[in-house]
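Residue-level listing of the chains:
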Amino acid sequence: MTNQPQLPANPVFAALDTTDLDQARGWAEALRGHVGGVKTGLEFFSANGADGVRAIVDLGLPVFLDLKFHDIPNTVAGAVRAVADLGTAIVNVHAAGGPAMLAAAREAAEQSRGAQRPLVIAVTVLTSLDDSDLKAVGQSVPAREQVVRLAQLVQSEGLDGVVCSPAEISAIRDACGPDFKLIVPGIRPDWAATGDQKRITTPAQARDDGADVLVIGRPITGADDPAAAAARIAGELGLAG
Ligand code: C5P
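Quantities reported herein were computed from a predicted structural model and do not represent experimental measurements. (Residues numbered from 1 in each chain as written. Predicted model: local features only at pLDDT ≥ 70, side-chain atom pairs only at ≥ 80, totals over all residues. Heavy atoms only, no water.)

1. Observations concerning the sheet that holds strand β8 (residues 213–216)
- Strand order in the closed barrel formed by eight strands is β1-β2-β3-β4-β5-β6-β7-β8, with parallel pairing between adjacent strands. Between one strand axis and the next, the sheet turns by 25 degrees as a mean value, whatever way the strands run.
- Pairing analysis gives four bridges linking strand β2 (residues 37–41) to strand β3 (residues 63–69), with the strands arranged parallel. Each bridged residue has a counterpart across the sheet, and for K39 the counterpart in β3 is F64. (Pairing = 2+ DSSP bridges. Helix = DSSP H or I, 4+ residues; strand = E, 2+ residues; numbered from the N terminus. Axes fitted to C-alpha atoms, helices over the stretch in contact; angles between N-to-C directions.)

2. A word on the pairing of β3
- The buried count for β3 comes to six of seven residues, which makes it a mostly enclosed element.
- The β-α-β motif built from β3, the intervening helix α3 (residues 73–84) and the parallel element strand β4 (residues 90–94) has right-handed crossover chirality. (Buried < 20%, exposed > 50% of the residue type's maximum accessible area, 1.4 Å probe, protein only. Right-handed = clockwise from strand over helix to strand, strands pointing away.)

3. Overview of the nonpolar core
- If you look at the biggest cluster of nonpolar residues, it comprises 60 residues, and the most contacted ones within it are V80, V93, I172 and I220.
- In contact with V80, not counting residues within four places along its chain, are F69, V91, V93, A105, A108 and A109.
- Listed in part, the 11 residues of the second largest apolar core include F13, I90, V123 and V213. (Core = buried A, V, L, I, M, F, W, Y, C linked by side-chain atoms within 4.5 Å. Contact = heavy atoms within 4.5 Å.)

Shown next, in the form of structure tokens:
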């Protein structure tokens, strides 16, 4: 994909999972300087819309807008153009939308009016789905295999990378090479509670395995002092934070 934007030196994007704009803004302000960026998703967008996203973008941190678009190519292209014009740094779509939809998303981002287009990445198989869930929707290929197949499709349509679990990093790296961006949630420092995440890894391990972006939510936002938690993670990654 042309004109690929640079990722920040600090790979941590803090997940601001809230519907409350003031809360999200407070977190983003506190975390500035300790994380590479922030992630907002469906929960935040459904409550606060594009104005809410603009309010976070205006704070100056790179924003990953995690809306996982999945629709016909023309509609996804329009949606990608709209969120790219908000000044987002990373946007995403579902790989299962197919080749034409992926290509339309890429082309839309390339036409972005902003100074820099966002990275466009794709979700392969939701980690909430296991092989029996996939069978229930008529998909007989095991999840592991499907993840790699979809990552290769995403790459062949010229997108920048995929979201994947820590357990999938090495298989996708092997299949897609060093330049394909891997955005990885399911990260837990060894001092943080696991919560509902099942297959987890530490920030340093995920980075060493080949993750480009580490999406970390509750270990930061659920801490008594989110800025201190983010600084501690940056320290564990060998970064000043
Ligand atoms: O709080 P926690 O660190 O578990 O938050 C992780 C973030 O990454 C959440 O916003 C969650 O929705 C997202 N995510 C995930 N697992 C995936 C895909 C996204 O945890 N497979």
